[in-house]
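# Results of the structural survey
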Amino acid sequence: MIKTLISIGGTSTGLILDKAILELLQVEQGSPVKLDVDSNTRTLTVRPADADAVQRREEFRKAQKDVLRRHGEAFRKLSKR
């Protein structure tokens, strides 16, 4: 099967997967997935993300938002140096 990469806007690129492929992967639109890339064989492996990984990612994003909310001005000043 051959697929074409499409521009999503800005610097992002997407790959459209048919519903049959999503069913084979046991994921649906909006599901978190884990991507593994092997640059030697140029292989991309897609699989459902485990619940623990999703939980850790959400906790990290929450902490990141909190740090930026509390220290955003300091980061802006540091970036101007």
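Below, the structure is looked at part by part. (Residues numbered from 1 in each chain as written. Predicted model: local features only at pLDDT ≥ 70, side-chain atom pairs only at ≥ 80, totals over all residues. Heavy atoms only, no water.)

## Brief notes about the pairing of strand β4 (residues 43-48)
As paired elements, strand β3 (residues 33-38) and β4 share six bridges and run antiparallel to each other. Residue V33 lies in a different strand from β4, and its bridge partner there is P48. The antiparallel hairpin formed by β3 and β4 contains four residues in its connecting segment, where R42 sits at a positive phi of about 55°. (Pairing = 2+ DSSP bridges. Helix = DSSP H or I, 4+ residues; strand = E, 2+ residues; numbered from the N terminus.)

## Observations concerning the layout of surface pockets
Approximately 460 Å³ is the volume attributed to the largest pocket. Considering the residues around the largest pocket, the lining is formed by 17 residues, among which L15, L17, L22, L25 and V46 are closest to the centre. Breaking the lining of the largest pocket down by element, the ones donating at least two residues are α1 (19-25), β3 and β4. Top element by residues in the lining of the largest pocket is α1. It accounts for three residues. In the lining of the largest pocket, the residues fall into twelve nonpolar, three polar and two charged. (1 Å grid on protein atoms, 1.4 Å probe; cavity = no way out; pocket = protein on both sides within 12 Å on 5 of 7 lines; lining within 4 Å. Points joined across faces, edges and corners; volume = space filled by probe spheres on them. Nonpolar A, V, L, I, M, F, W, Y, C, P; charged D, E, K, R; others polar.)

## Considering the pairing of strand β1 (residues 5-9)
By the criterion of burial, β1 is predominantly exposed, with just zero of the five residues buried. In this structure, β1 lies alongside strand β2 (residues 12-15), joined through four bridges in antiparallel fashion. Within β2, the residue paired with I6 across the bridge is G14. Counting the residues in the hairpin turn of β1 and β2 gives two residues, including G10, whose phi is positive at 65°. (Buried < 20%, exposed > 50% of the residue type's maximum accessible area, 1.4 Å probe, protein only.)

## Focus: the environment of M1
One can find M1 in the segment before β1. Expressed as a C-alpha distance, the spacing of M1 and A49, which sit 48 residues apart in the sequence, is 24 Å.

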